[in-house]
Amino acid sequence: MNELAIGLSLTSLVISAIAYWRSGGKQDVEQVRRELNRDIEALRVKYEESIQSLEQTIAAAYESSRQHLQTAGEKLRQLKNEAIAGLEKQVQLAQQQLEALRQRLEQAAKSAKDATVTAARNVEAAISARVRRIEARTTLLEAKAKATLAVGLATTKVFDKAEQLLEDAAELVRSARETLGSDHAYDQFLDKMKLSLREATTAVRTHAENVRQKIEQVLNDADRIVGTLESDEDKAAKQPA
């Protein structure tokens, strides 16, 4: 009984469709088809524009990273020329890793158009994070350089200049934190170094007997965070491209 009812319903539907087609329904179908084609074309254009916009965004991000690497490179060259004791190897390694990262950036920028948008964005984001870390590392080396000079000044009781250098170093640490942005992997190290700088500055200001020890703690904290950044960059460089 149900099968008969379904059959009659289907037959009625077919007859109705044929009647609709003969009475002008064909024109309606063609109109729908034309509108659908227009919608599809509009979506295609929007998609291509979106892809082009993303490609431009990625290219702009790479250009920004190039500029940051150039700035960091110039600062490292200046630190090398200053030849401050205790920084030579750290500066040299930073220069080597920066150059390797620069080459990796250029390779990624060239291959970005041949990769999917998602893959290209992921690669760019990873390189950008590494650029920020090496830039922050350079800033921390600048802070260490100032703290190193402050040791000598405090030892010879030139406290006012030593205090200014430590304040400059603290500002550089804050700058490094800003450079890292949403990368909070080093917050604990940075907080420790900031605390050591405050204590060292207080010791210099009060002409404390342990002033040298306090400043050397700053240097130890700087070495710890710089060493961690060095190791992390080495690991990142070994990751598959």
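Residues numbered from 1 in each chain as written. Predicted model: local features only at pLDDT ≥ 70, side-chain atom pairs only at ≥ 80, totals over all residues. Heavy atoms only, no water.

Trainee: Can you walk me through the pattern of salt bridges in this structure?
Mentor: Pairs can form between side chains of opposite charge once their charged atoms are near each other. Taken as a whole, this structure holds 16 salt bridges when the rule is applied. When salt bridges with common partners are traced through the structure, they connect E63, R66 and E106 into a single cluster. (Salt bridge = Lys/Arg side-chain N within 4 Å of Asp/Glu carboxyl O.)

Trainee: Got a minute to help me understand helix α5 (residues 187–205) in this structure?
Mentor: An α-helical turn contains 3.6 residues, so any two residues separated by three or four positions project in the same direction. Taking 1.5 Å of rise per residue, the 19 residues of α5 would be expected to cover 27 Å, and the 27 Å separating its terminal C-alpha atoms lies within 8% of that figure. Buried residues in α5 make contact with α3 (117–155), α4 (159–180) and α6 (211–237). Phi turns positive one or two residues past the end of α5, at H207, with a value near 55°. (Helix = DSSP H or I, 4+ residues; strand = E, 2+ residues; numbered from the N terminus. Expected span 1.5 Å × (residues − 1). Contact = heavy atoms within 4.5 Å.)

Trainee: Where do I start with the layout of surface pockets in this structure?
Mentor: If you roll a probe as big as a water molecule over the atoms, it shows you where there is empty space left. By volume, the largest pocket is sized at about 330 Å³. Taken together, 19 residues make up the lining of the largest pocket; nearest its centre are R104, R130, A236, A237 and Q239. Where the lining of the largest pocket is concerned, the elements lending two or more residues are α2 (88–111), α3 and α6. Among the elements that line the lining of the largest pocket, the one with the most residues is α3, at eight residues. Partitioned by chemical class, the residues of the lining of the largest pocket number 12 nonpolar, one polar and six charged. (1 Å grid on protein atoms, 1.4 Å probe; cavity = no way out; pocket = protein on both sides within 12 Å on 5 of 7 lines; lining within 4 Å. Points joined across faces, edges and corners; volume = space filled by probe spheres on them. Nonpolar A, V, L, I, M, F, W, Y, C, P; charged D, E, K, R; others polar.)

Trainee: Which parts of the structure should I look at to understand the environment of V173?
Mentor: Structurally, V173 is set in helix α4. Accessibility expressed as a relative area gives 0% for V173, which makes it buried. With residues near it in sequence (within four places) discarded, V173 still touches L140, A143, L190, M193, K194 and L197. (Buried < 20%, exposed > 50% of the residue type's maximum accessible area, 1.4 Å probe, protein only.)

Trainee: What exactly am I supposed to notice about α6 here?
Mentor: Between its first and last C-alpha, α6 extends 39 Å over 27 residues, near the 39 Å set by a 1.5 Å rise per residue. On its buried face, α6 is in contact with α2, α3, α4 and α5.

Trainee: Just checking my understanding: could you explain the environment of V218 for this structure?
Mentor: Mapped onto the elements, V218 comes out in helix α6. Since its relative accessible area comes to 1%, V218 is described here as buried. Once you skip the residues sitting within four places of it in the chain, V218 turns out to touch A147, M193, S196, L197 and A200.

Trainee: Is there a simple way to explain the packing of α2 against α6 in this structure?
Mentor: As a packed pair, α2 and α6 sit with axes 11 Å apart at the nearest point and diverge in direction by 30°. Between α2 and α6, the angle falls in the class roughly parallel. Between α2 and α6 lies a crossing whose hand is left-handed. Across the interface between the two elements, Q90, L93, Q97 and L101 of α2 pack against D223, V226, E230, E233 and D234 of α6. The class makeup of the residues in the contact of α2 with α6 is three nonpolar, two polar and four charged. (Axes fitted to C-alpha atoms, helices over the stretch in contact; angles between N-to-C directions. Parallel < 35°, antiparallel > 145°, perpendicular 65-115°, else oblique. Left-handed = near helix turned anticlockwise from the far one by under 90°.)

The values reported here are purely geometric and, on their own, carry no functional implication.
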